[in-house]
Amino acid sequence: MDHSATTPIHAPLLRDPEAAPLAPSTDTEKHGKSGEFGSPGRRRRVRGLPHLLAINALVCGVEIVSSAAFTYIPPLLLKAGYTETLMTIILGIAPFLDMVTVPLLAEWSDQCTSALGRRRPFIMFLSTILLFSLIVIPHGTTITSVLSGDSSVKLHMIILAVGVILLDYSYQALFNPCESLLSDLVATSPEWEQTRGFTVYSASISLGCILGYLIVSIDWSSAGFLLGSQEQTAFSVIFVLFLPCLFLTLCFAREKPFTPTRGVAGHALGEIVLGEDYLKGHGKEVGVLDLTQDPPALVRDHPSDGGYESGSSETEETAPLVLPSSEMLRWRYQRFVHTLSRLPHLTMQRVVNGLLRLLWKAVMLLVYLPYQVIKLPLDTWRRVSTAPVVLRRLFLSELFGWMGIMCHNMFFTDFVGQYMYGGLPDAPEHTTGAALYDEGVRMGSWGLFLHSLTACLYAFFVQQHLVHLLGHRLVFLGGMGVFTLSMTATIAAPSITFVNVVTALSGVGFAAITSTPNMLVTLYNSDRGVYMWDDPSPEGGEERGLGTDVAVLDTAFFLSQIILSVSMGPLVDLTGSALPYMVVAALTSFVAVYCGTRIVFTDTHLRQLRLGQF
């Protein structure tokens, strides 16, 4: 009896090199400019706007936490007994830790073979740290009383500092797996859907900022909803709001477990790679047998999306496969071995070995972190200098762009309070200087609210249409150009009303820098051999993954904060004015626009770059 079977194919295969080139897809012709984002001949899975909103819900929740919590954190640290200098040091620890660990976490996520996928385990881990910190920070006094039996000031200061560092670290580190997850999910989508996905990502960040600033502006006591103090109530609200955002992303961004394509005896977890001789005789494409299904299914190898999908798990293309008796017998044996290997073996020896491995990793981490802090500058330089040239150019524009935006977002309220209103942050309470400064901070907070509102509305309703008309390059450069002009106008602003109007316009630049660079990384990863031709392959032939590339851009974000934390304080003290905040924001954003003109956006730019003409 013949054991051959006919089974559907479940994923796109690699095409034969000698096959005729694919014709451009109608989606690319219809929705995208030539040479920008999107690759014809790939599987296309279209997702609706509600689905994209659910996938990006977590970044909205993260921004709610960061916008609301970091409005209260500096006053809480000062009230606990920290000086201004120590407070600045505490707020600068997390970016250093992120620069050390986020690239490592990105590499681990690229290689993660968890049943939950590559990104979601890291999202769950970092979210747990964030939720823990949201409990520790507002309830530090209670925790101190429980641990020491009295209200120890020093212990309270330590607990509060640990909570702030964990919150700052986890919220910034969460962006890497979130960005990588979205890039994975839209990697094989048409250009217009990639644009919409990252536009929704940018809008979700802005929406989170809006909600965060609204939470801190509400007087909860007058609203009749008070859980302890004003700060404790606000932290409780953002804790509750973060949970549904987390669960939406975890539930809707469904990932298939990642399986390495190479392994012992030519097969890896759950798959057998079919031999070349057999494939040459039975087709022009490369595939693998899925050991988890019966009857056997040939899964077409599609490395571009890393084994990720969102939404329905049904495939869109099928084709028959007939296996000879010898291959069928081999498949039956391999599937039997695979089934046995997956049976639970929860013996005491495995438990002990697992605990020992966990202890060893903890010890190595304690040794690894101080070592990495010492060699951080060298590692940062090596990470950026060895990156492909397209990533290095994008890194420079990101670095200066984030320096301008973070300088504005971090110090804008202080600029308004001191420079526009003439207030004094260190003035005694109930004095004129303190009253003017507090009034300026409140008005500056309204400016940041309008900034976030503009960014959200622009990203949701305008940016995608402009991209369709003008292309990604002009939209990105135009957005950063508007931000530069806004910062320049702020320097010579005659009134607070004018300042808030131009601050609202600066949200266009924020929307641009939170969407376009991530789309570019997705583009570069869609064909690494073309866009990253100069990427040096490490020992063993393993390629760098998408998470590692996103970590290069995250390094620009972290480095911008570190540079500002080190330089802006002495500069303001030297000049005796808060005006340098906006001057630096204008200058760095102008440099970002210039660097943006050197970014590779299209195939034409890539050809010119390889010829040394761009």
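Residues numbered from 1 in each chain as written. Predicted model: local features only at pLDDT ≥ 70, side-chain atom pairs only at ≥ 80, totals over all residues. Heavy atoms only, no water.

Novice: Can you walk me through the packing of helix α16 (residues 432–461) against helix α17 (residues 463–470) in this structure?
Specialist: Axes are the key here: two packed helices are described by the angle between their axes and the distance separating the axes. Running from amino to carboxyl end, α16 crosses α17 at an angle of 50°, the nearest separation of the two axes being 4 Å. The orientation of α16 with respect to α17, classified from their angle, is oblique. Residues Tyr458, Ala459 and Phe461 of α16 form the contact with α17, whose own contacting residues are Gln463, His465 and Leu466. Looking at the contact of α16 with α17, its residues break down into 4 nonpolar, 2 polar and no charged. (Axes fitted to C-alpha atoms, helices over the stretch in contact; angles between N-to-C directions. Helix = DSSP H or I, 4+ residues; strand = E, 2+ residues; numbered from the N terminus. Parallel < 35°, antiparallel > 145°, perpendicular 65-115°, else oblique. Contact = heavy atoms within 4.5 Å. Nonpolar A, V, L, I, M, F, W, Y, C, P; charged D, E, K, R; others polar.)

Novice: What exactly am I supposed to notice about empty space enclosed by the protein here?
Specialist: Space left empty within the atom packing is revealed by a probe, the size of a water molecule, rolled over the atoms. In this structure the tally under the stated criterion is 5 cavities of 30 Å³ or more. Taken as a whole, the largest cavity spans an internal volume of roughly 50 Å³. Val102, Leu105, Ala106, Ser109, Phe122, Leu126, Ala173, Asn176 and Pro177 are the residues that line the largest cavity. For the lining of the largest cavity, the elements supplying multiple residues, two or more each, are α4 (84–110), α5 (120–136) and α8 (175–186). Residue contributions to the lining of the largest cavity peak at 4 residues, all from α4. When the residues that make up the lining of the largest cavity are grouped by side-chain class, the tally is 7 nonpolar, 2 polar and no charged. (1 Å grid on protein atoms, 1.4 Å probe; cavity = no way out; pocket = protein on both sides within 12 Å on 5 of 7 lines; lining within 4 Å. Points joined across faces, edges and corners; volume = space filled by probe spheres on them.)

Novice: So what exactly am I meant to see when it comes to the pattern of salt bridges here?
Specialist: A pair can form between side chains of opposite charge whenever their charged atoms are brought close. In total, this model carries 1 salt bridge according to the counting rule given. A salt bridge links aspartate 549 to arginine 528, with the nearest nitrogen and oxygen atoms 2.8 Å apart. You can see aspartate 549 sitting in helix α23 (residues 546–575) and its partner arginine 528 sitting in helix α22 (residues 528–531), a full 21 residues away along the chain. Classification of aspartate 549 as buried rests on a relative accessible area of 0%. Judged by relative accessible area, arginine 528 falls into the buried class, the value being 13%. (Salt bridge = Lys/Arg side-chain N within 4 Å of Asp/Glu carboxyl O. Buried < 20%, exposed > 50% of the residue type's maximum accessible area, 1.4 Å probe, protein only.)

Novice: Can you help me understand the side chain of threonine 588 in this one?
Specialist: For threonine 588, the position within the fold is in helix α24 (residues 579–596). Threonine 588 gets classed as buried once you look at its relative accessible area, which sits at 8%. In terms of polar contacts, threonine 588 uses its side chain to reach the backbone carbonyl oxygen of valine 584, at 2.7 Å. (Polar contact = N/O pair within 3.5 Å; in protein donor to acceptor, adjacent residues only side chain to side chain.)

Novice: How do you make sense of the packing of aromatic side chains when you look at a structure like this?
Specialist: Both the distance between ring centres and the angle between the ring planes are used here to describe each pair of aromatic rings. Per the stated rule, a full pass over the model turns up 10 aromatic pairs. Members of the aromatic cluster, connected to one another through ring pairs, are Trp402, Phe510, Phe557 and Phe558. Here the basic side chain of arginine 598 rests over the ring of phenylalanine 614, its NZ or CZ set 5.6 Å away from the ring centre. (Phe/Tyr/Trp six-rings, centres within 6.5 Å; stacked < 30°, edge-to-face > 60°. Lys NZ or Arg CZ within 6 Å of the ring centre and 35° of its normal.)

Novice: Help me understand the packing of helix α18 (residues 472–491) against helix α19 (residues 496–505) in this model?
Specialist: Remark: α18 packs on α19, axes separated minimally by 8 Å, with the N-to-C direction vectors making an angle of 165°. Regarding the angle of α18 to α19, the classification is roughly antiparallel. For the pair α18 and α19, the crossing hand works out as left-handed. Touching Val482, Ser486, Ala489 and Thr490 of α18 are Phe498, Val499, Val502 and Leu505, all from α19. Looking at the contact of α18 with α19, its residues break down into 6 nonpolar, 2 polar and no charged. (Left-handed = near helix turned anticlockwise from the far one by under 90°.)

Novice: Would you mind going over the nonpolar core with me for this structure?
Specialist: The biggest cluster of nonpolar side chains holds 134 residues, and the ones touching the most others in it are Phe242, Tyr524 and Tyr581. Apart from the residues within four sequence positions on either side, tyrosine 581 is in contact with Cys407, Phe411, Asp414, Phe415, Met568 and Val572. (Core = buried A, V, L, I, M, F, W, Y, C linked by side-chain atoms within 4.5 Å.)

Novice: Quick question: what am I supposed to make of a nonpolar patch on the surface here?
Specialist: A contiguous nonpolar patch, built from Leu86, Ile89 and Ile93 and spanning about 240 Å² of accessible area, is present on the exposed surface. In this structure, isoleucine 93 sits in helix α4. Taking relative accessible area as the criterion, isoleucine 93 reaches 32% and is therefore assigned partly exposed. (Patch = residues over 30% accessible without salt bridge, like charges linked within 9 Å, V, L, I, M, F, W, Y side chains within 5 Å. Areas by Shrake-Rupley, 256 points an atom, 1.4 Å probe, with all protein chains shown as cover.)

Novice: Explain the environment of proline 103 to me, please; I cannot follow it from the model alone.
Specialist: Relative to the helices and strands, proline 103 is located in helix α4. Classification of proline 103 by relative accessible area gives buried; the value is 8%. Leave out the neighbours within four places in its chain, and proline 103 touches Asp98, Arg383, Ala551 and Thr555.

Novice: Would you take a moment to explain the confidence of the model for the protein chain for this structure?
Specialist: Do not read the fine detail of predicted coordinates wherever pLDDT is low. Confidence in the prediction of the protein chain, expressed as mean pLDDT, is 75, and 73% of residues score 70 or more. Within the model, the stretch residues 301–320 combines pLDDT values under 50 with 64 contacts to residues more than four positions away or in other chains. Residue range residues 538–542 is modelled with pLDDT below 50. Its contacts to residues more than four positions away, or to other chains, number 3 contacts. (pLDDT = per-residue confidence, 0-100.)

Novice: Looking at this model, I keep getting lost on the state of the cysteines. Mind explaining?
Specialist: In a disulfide, the sulfur atoms of two cysteines are held together by a covalent bond. Throughout the structure, instances matching the rule amount to 0 disulfides. Counting only cysteine sulfurs, cysteine 60 is the nearest neighbor of cysteine 456, a cysteine outside any disulfide, at a range of 8.3 Å. Of the residues examined, cysteine 456 reaches a relative accessible area of 5% and is grouped as buried. (Disulfide = S-S within 2.5 Å.)

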